[in-house]
Amino acid sequence: MIRLRPMVRGDLALFEHWLSAPHVQKWYGDPAAWLYEAAEMDGLYGWIVRFIAERDGVPVGFCQYYACCDSGEDWAHYTRLGGSYSVDYLIGDAADLNKGYGKQMLAALEREIGKLPGARRIVVRPEPLNTASRALLRSAGYALDTATDIFVKELRPKEKTP
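Residues numbered from 1 in each chain as written. Predicted model: local features only at pLDDT ≥ 70, side-chain atom pairs only at ≥ 80, totals over all residues. Heavy atoms only, no water.

Undergrad: Hey, could you run me through the overall build of the chain in this one?
TA: Secondary structure assignment for the chain yields 7 helices and 7 strands. Across the chain, helices and strands are ordered from the amino to the carboxyl terminus as β-α-α-α-β-β-α-α-β-α-β-α-β-β. Since a compact globule built from 162 residues should have a radius of gyration of about 15 Å, the 15 Å found for the chain is in line with a globular shape. Each principal axis of the C-alpha atoms in the chain carries an extent, and together these give about 55 × 35 × 30 Å. Going through the 162 residues of the chain one by one, you find that 46% of them count as buried. Long-range contacts, defined here as pairs at least 24 residues apart, represent 63% of the contacts in the chain between residues at least 6 apart. Taken as a whole, the chain presents about 8,700 Å² of accessible surface, with 55% of it coming from carbon and sulfur. Mean positive and mean negative side-chain charge positions of the chain (20 and 21 charges, respectively) differ by 8 Å. (Helix = DSSP H or I, 4+ residues; strand = E, 2+ residues; numbered from the N terminus. Rg over C-alpha atoms; globule rule 2.2 N^0.38 Å. Buried < 20%, exposed > 50% of the residue type's maximum accessible area, 1.4 Å probe, protein only. Contact = heavy atoms within 4.5 Å. Areas by Shrake-Rupley, 256 points an atom, 1.4 Å probe, with all protein chains shown as cover. Lys, Arg positive; Asp, Glu negative; His and termini not counted. Charge placed at Lys NZ, Arg CZ, Asp CG, Glu CD.)

Undergrad: What is the right way to look at the sheet that holds strand 5 (residues 121-124) in this model?
TA: As a general point, the strands of a sheet are linked pairwise by backbone hydrogen bonds and lie either parallel or antiparallel. If you trace the 7 strands from one edge of the open sheet to the other, you get 1-2-3-4-5-7-6, paired in mixed fashion. Looking at which strands have only one partner, the edges of the open sheet turn out to be strand 1 (2-6) and strand 6 (143-145). The sheet shows a mean angle of 35 degrees between the axes of neighbouring strands, taken without regard to direction. In this structure, strand 3 (residues 58-67) lies alongside strand 4 (residues 84-91), joined through 7 bridges in antiparallel fashion. Counterpart to Tyr 65 in the pairing with strand 4 is Val 87. Contacts from helix 6 (residues 101-114) reach strand 1, strand 2 (49-55), strand 3, strand 4, strand 5 and strand 7 (150-154) within the one sheet, and its direction differs from that of strand 4 by about 150 degrees. (Pairing = 2+ DSSP bridges. Axes fitted to C-alpha atoms, helices over the stretch in contact; angles between N-to-C directions.)

Undergrad: What should I look at first to understand the side chain of Gln 64 in this one?
TA: Along the chain, the position of Gln 64 falls in strand 3. By relative accessible area, Gln 64 is classed as buried at 2%. Within the local environment of Gln 64, its side chain forms a polar contact with the side chain of Asp 88, the two groups lying 2.8 Å apart. Discounting chain neighbours no more than four positions away, the residues touching Gln 64 are Trp 34, Ile 48, Val 49, Arg 50, Ser 86, Val 87, Asp 88 and Leu 109. (Polar contact = N/O pair within 3.5 Å; in protein donor to acceptor, adjacent residues only side chain to side chain.)

Undergrad: Quick question: what am I supposed to make of the pattern of salt bridges here?
TA: When their charged atoms lie close together, side chains carrying opposite charge are able to pair. In this structure the tally under the stated criterion is 10 salt bridges. The partner of Lys 99 in a salt bridge is Asp 96, with the nearest N and O atoms 3.9 Å apart. For Arg 121, the salt bridge goes to Glu 154, with nearest N and O atoms at 3.4 Å. Linking Arg 121 in strand 5 with Glu 154 in strand 7, this pair joins segments that are 33 residues apart in sequence. A relative accessible area of 7% means that Arg 121 is categorised as buried. Judged by relative accessible area, which is 33%, Glu 154 ranks as partly exposed. (Salt bridge = Lys/Arg side-chain N within 4 Å of Asp/Glu carboxyl O.)

Undergrad: Where do I start with helix 1 (residues 12-19) in this structure?
TA: Quick reminder: α-helices carry 3.6 residues per turn. Residues three or four places apart thus point the same way. Listed in full, the buried residues belonging to helix 1 are Leu 12, Phe 15, Trp 18 and Leu 19. When helix 1 is viewed along its axis, its buried side chains cluster within an angular range of 120 degrees and face the same direction. Here the buried face of helix 1 lies against helix 2 (22-28), helix 3 (31-39), strand 2, strand 3 and strand 4. (Arc of directions from axis to C-beta.)

Undergrad: Got a minute to help me understand the nonpolar core in this structure?
TA: Considering soluble globular proteins, one finds that nonpolar side chains tend to be buried as a cluster. Ranked by internal contacts, the top residues of the largest apolar core, which has 26 residues, are Leu 4, Val 87, Tyr 89, Leu 106 and Tyr 142. Elements that contribute at least two residues to this core include exactly strand 1, strand 2, strand 3, strand 4, helix 6, strand 5 and helix 7 (131-139). It is helix 6 that provides the largest number of residues to this core, a total of 6 residues. Non-local contacts of Leu 106, meaning those with residues more than four positions away in its chain, are made with Val 87, Tyr 89, Leu 136, Leu 137, Ala 140 and Tyr 142. (Core = buried A, V, L, I, M, F, W, Y, C linked by side-chain atoms within 4.5 Å.)

Any functional reading would require information that these geometric values do not contain.
The structure is reproduced here in structure tokens:
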């Protein structure tokens, strides 16, 4: 079972190692930007909540979430709706791929976000060619908004208008 623990500065070397792995770098690109943001976890990028995913106490991946309204990224109309959060996730070592850790990590992230009082939905936009991530999102109940190419999962039922 995957457990999330908060990422700490001592995890930066491991994170750098994972970011340099070919299966990660393919989707995450140059590690420098990701490392800078993580190094600023208590400063400029403190609005991002980061975790190390562990299985039996052994780190297997990284994940994070943030409120879309804080990111400055284009999340189409989802940002204006309020309560929208986005996530990023990766499995660190290629030997740990295809073992269900990604789905467990995503479920754990959903539980964390679901605890936030204003959280309404999670939105994710993986690269179009990242078929593994897209399949993971579909299997976890995310719906693809084809107009925006954004996967969406509602966390709470939509409020009814009188």
